[in-house]
Amino acid sequence: MFKKVLPLLALSLIVTTQAHAASNSNDQRIRELEYQIRLLTQRVDSLERELERKHDYERHDQMYQCQMSVFGSQYKGRSSSRGKAITKVVNQCISDHDEMFCRPDAVRCKTF
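Residues numbered from 1 in each chain as written. Predicted model: local features only at pLDDT ≥ 70, side-chain atom pairs only at ≥ 80, totals over all residues. Heavy atoms only, no water.

Colleague: Got a sec to walk through the overall build of the protein? Specific residues and values, please.
Modeller: When its secondary structure is counted, the protein shows two helices and three strands. Mapped in sequence order, the helices and strands of the protein form the string α-β-β-α-β. By residue count, 16% of the 112 residues in the protein fall in the buried class. At a minimum sequence separation of 6, the contacts of the protein that also span at least 24 residues come to 39%. When the accessible surface of the protein is split by element, carbon and sulfur atoms take 58% of a total near 9200 Å². (Helix = DSSP H or I, 4+ residues; strand = E, 2+ residues; numbered from the N terminus. Buried < 20%, exposed > 50% of the residue type's maximum accessible area, 1.4 Å probe, protein only. Contact = heavy atoms within 4.5 Å. Areas by Shrake-Rupley, 256 points an atom, 1.4 Å probe, with all protein chains shown as cover.)

If you want it as structure tokens, here you go:
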């Protein structure tokens, strides 16, 4: 009986070790992917800000200054497009809070 149990025990040890190694590998890959997503998101945000600044300087007829307050935090966005200004405010809010607290209809805008 010992001859049958020993190979089964060895096989289960190998399978457990491989499963653990695969789990660690997957965890590491997920952490790396999440880091890359954060970097890409920061770069996209930076490029959008740069493009918006260029667009704002080209168009001087009207500017929208929008803002909202959620749990004591103020979020502001400015653009020559009302929709873009609101989107900026909502996106900033969503980065800190759940979407349900960052509704576009709660954003107030002024025109300059």
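Next comes the rest of the account.
Colleague: If you had to explain the pattern of salt bridges to someone new, which residues and values would you point to?
Modeller: Evaluation of the coordinates by the stated rule reveals one salt bridge. Residues D105 and R103 are paired through a salt bridge, measuring 3.2 Å at the closest nitrogen-oxygen approach. Relative accessible area serves as the criterion here: at 48%, D105 is assigned to the partly exposed category. (Salt bridge = Lys/Arg side-chain N within 4 Å of Asp/Glu carboxyl O.)

Colleague: Outline the packing of aromatic side chains, supporting the account with residue identities and numerical values.
Modeller: Using the criterion set out here, one finds one aromatic pair in the structure. For the ring pair F71 and F101, a centre distance of 4.9 Å and an interplane angle of 70° mean the geometry is edge-to-face. Taken together, the residues span a long stretch of sequence, with F71 in the loop between β1 (64-70) and β2 (73-79) and F101 in the loop between α2 (82-96) and β3 (108-111) at a distance of 30 residues. With relative accessibility at 37%, the residue F101 sits in the partly exposed group. (Phe/Tyr/Trp six-rings, centres within 6.5 Å; stacked < 30°, edge-to-face > 60°.)

Colleague: So what about unusual backbone geometry? Which residues, and what values?
Modeller: Of note, the phi angle at F71 is positive, near 50°, even though the residue is not glycine. Note on F71: relative accessible area 61%, which makes it exposed.

Colleague: Give a detailed account of the sheet that holds β1, specifying residues and quantitative values.
Modeller: Ordered by their spatial adjacency, three strands build an open sheet running β2-β1-β3, and the pairing between neighbours is antiparallel. The open sheet is flanked by β2 and β3, the only strands paired with a single partner. Strand-to-strand, the axes of this sheet are offset by a mean angle of 20°, without reference to chain direction. Of the strand pairs in this sheet, β1 and β3 are connected by four bridges, and their pairing is antiparallel. Paired with C66 across the bridge in β3 is C109. Packed onto the sheet, α2 meets β1, β2 and β3 and runs at close to 150° relative to β2. (Pairing = 2+ DSSP bridges. Axes fitted to C-alpha atoms, helices over the stretch in contact; angles between N-to-C directions.)

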